[in-house]
Amino acid sequence: MTVGVTGGIGAGKSSVCRVFEAGGALVVEADAVGHETAAHPAVLPELMAAFGADITDGEGRLVRRELGQRAFVSEASRQKLNTIVWPALNRRLQALVRKALEERPDRAVVIDAALLVEWGGLTCDALVVVTAPPEARVARTVSRLGISRAQAQARMASQLPDEEKVRVADYVIVNDGSLKELEAKARAVWTQIVK
């Protein structure tokens, strides 16, 4: 069984995934896979050609913060980033999910991915969407990524609106309280999924 968990930046989807993992799921984090994909020797030269060679440090390693600042300035630059990274990222995620299902067919595989609905290439047996009030999302994003409010808002604006994700969801978790409350909601949804 595969379970997709998605939600806009700062919504709390990774906290939900930790609860699912504690409930026995194997979690594949698309963010981590995305970082590896962007820095991959087959992808990095394309990113450098599109966004400038100085998105890397003195040793040729990708500086993600620099790439992010350039990629999220406009819809066109964001689309350019997606065109370069998404195909390789999708292939890698599908391979990881297949491997996890083969190695542990007794456990559900959870795909933690902010852009799962936007990609459209990964199908799941169940889709969980995590939502949260916009102001809380901005505050969490600023705190976690160390970026400005304007940058956090630009990243939020670049993602599919919650309403669009909720429309295709099997389960919706509204993160409008404490972490403890979110965890309780996630446990309740996980109980329904595993049934």
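Preceding this section is the structure that the text describes.
I will try to describe carefully the structure that is included in this document. (Residues numbered from 1 in each chain as written. Predicted model: local features only at pLDDT ≥ 70, side-chain atom pairs only at ≥ 80, totals over all residues. Heavy atoms only, no water.)

**A look at helix H10 (residues 179–194)**
Okay, step 1: Here H10 is 16 residues long and its end C-alpha atoms lie 22 Å apart, about the 22 Å a rise of 1.5 Å per residue gives.
Okay, step 2: Among the structural elements, strand S1 (2–6), helix H1 (13–22), strand S3 (109–112), strand S4 (126–131) and strand S5 (171–174) are those in contact with the buried residues of H10. (Helix = DSSP H or I, 4+ residues; strand = E, 2+ residues; numbered from the N terminus. Expected span 1.5 Å × (residues − 1). Contact = heavy atoms within 4.5 Å.)

**Comments concerning helix H4 (residues 64–71)**
Okay, step 1: Within the sequence span of H4, burial applies to Leu67, Gly68 and Ala71. On an axial view of H4, the arc spanned by its buried residues comes to 100°, and they lie on one face. (Buried < 20%, exposed > 50% of the residue type's maximum accessible area, 1.4 Å probe, protein only. Arc of directions from axis to C-beta.)

**A closer look at the sheet that holds strand S2 (residues 26–29)**
Okay, step 1: Taken together, the 5 strands give an open sheet; going across it, the order is S2-S3-S1-S4-S5, and neighbouring strands pair in parallel fashion. Both edges of this open sheet fall to S2 and S5, since each of them pairs with a single strand only. For this sheet, the mean inter-axis angle between neighbouring strands, taken without regard to orientation, is 20°.
Okay, step 2: Pairing analysis gives 4 bridges linking S4 to S5, with the strands arranged parallel. If you follow Thr131 over to S5, its bridge partner there is Val174.
Okay, step 3: Against the sheet, helix H2 (residues 30–39) engages S2 and S3, with an angle of about 40° to S2. (Pairing = 2+ DSSP bridges. Axes fitted to C-alpha atoms, helices over the stretch in contact; angles between N-to-C directions.)

**Concerning the environment of Glu66**
Okay, step 1: Note on placement: Glu66 falls in helix H4.
Okay, step 2: Overall, Glu66 belongs to the partly exposed group, its relative accessible area being 25%.
Okay, step 3: Along the backbone, Glu66 and Thr56 are 10 residues apart, and their C-alpha atoms lie at a distance of 8.2 Å.
Okay, step 4: Once you skip the residues sitting within four places of it in the chain, Glu66 turns out to touch Asp54 and Ile55.

**Focus: the nonpolar core**
Okay, step 1: If you look at the biggest cluster of nonpolar residues, it comprises 29 residues, and the most contacted ones within it are Leu47, Leu93 and Trp119.
Okay, step 2: Looking at this core, the elements with two or more residues in it are H2, helix H3 (44–51), H4, helix H5 (75–103), S3, helix H6 (116–119) and S4.
Okay, step 3: With 8 residues, H5 is the largest single contributor of residues to this core.
Okay, step 4: What Trp119 contacts, discounting residues up to four positions off in sequence, is Ala30, Trp86, Leu89, Asn90, Leu93 and Ala113.
Okay, step 5: Among the nonpolar cores identified, the runner-up in size contains 20 residues, and Ala108, Val110, Ala132 and Ala186 belong to it. (Core = buried A, V, L, I, M, F, W, Y, C linked by side-chain atoms within 4.5 Å.)

**Regarding the state of the cysteines**
Okay, step 1: Within this structure, the stated rule accounts for 0 disulfides.
Okay, step 2: Sulfur of Cys124: no disulfide; nearest cysteine sulfur belongs to Cys17 and is 11 Å away.
Okay, step 3: Relative accessible area serves as the criterion here: at 24%, Cys124 is assigned to the partly exposed category. (Disulfide = S-S within 2.5 Å.)

**Observations regarding the pattern of salt bridges**
Okay, step 1: Per the counting criterion, the structure on display carries 13 salt bridges.
Okay, step 2: For Asp54, the salt bridge identified is with Arg70, shortest N-O distance 2.7 Å. Taken as a pair, Asp54 in the loop between H3 and H4 and Arg70 in helix H4 lie far apart in primary sequence, 16 residues in all.
Okay, step 3: Arg61 is the salt-bridge partner of Asp57, the closest N and O atoms lying 3.1 Å from each other. (Salt bridge = Lys/Arg side-chain N within 4 Å of Asp/Glu carboxyl O.)

**Structural notes on the side chain of Arg137**
Okay, step 1: Following the sequence through the fold, Arg137 ends up in helix H7 (residues 134–145).
Okay, step 2: Excluding anything up to four places from it in sequence, Arg137 contacts Gly8, Ile9, Gly10, Ala11, Ala132, Met156, Gln159 and Asp162.

**Here we look at the packing of aromatic side chains**
Okay, step 1: All told, the structure shown has 1 aromatic pair when counted by the stated rule.
Okay, step 2: Here the basic side chain of Lys80 rests over the ring of Phe51, its NZ or CZ set 5.5 Å away from the ring centre. (Phe/Tyr/Trp six-rings, centres within 6.5 Å; stacked < 30°, edge-to-face > 60°. Lys NZ or Arg CZ within 6 Å of the ring centre and 35° of its normal.)

**Some points on a nonpolar patch on the surface**
Okay, step 1: A contiguous nonpolar patch, built from Val166, Val172 and Val174 and spanning about 190 Å² of accessible area, is present on the exposed surface.
Okay, step 2: Inspection of the secondary structure assignment puts Val172 in strand S5.
Okay, step 3: Given a relative accessible area of 39%, Val172 falls into the partly exposed group. (Patch = residues over 30% accessible without salt bridge, like charges linked within 9 Å, V, L, I, M, F, W, Y side chains within 5 Å. Areas by Shrake-Rupley, 256 points an atom, 1.4 Å probe, with all protein chains shown as cover.)

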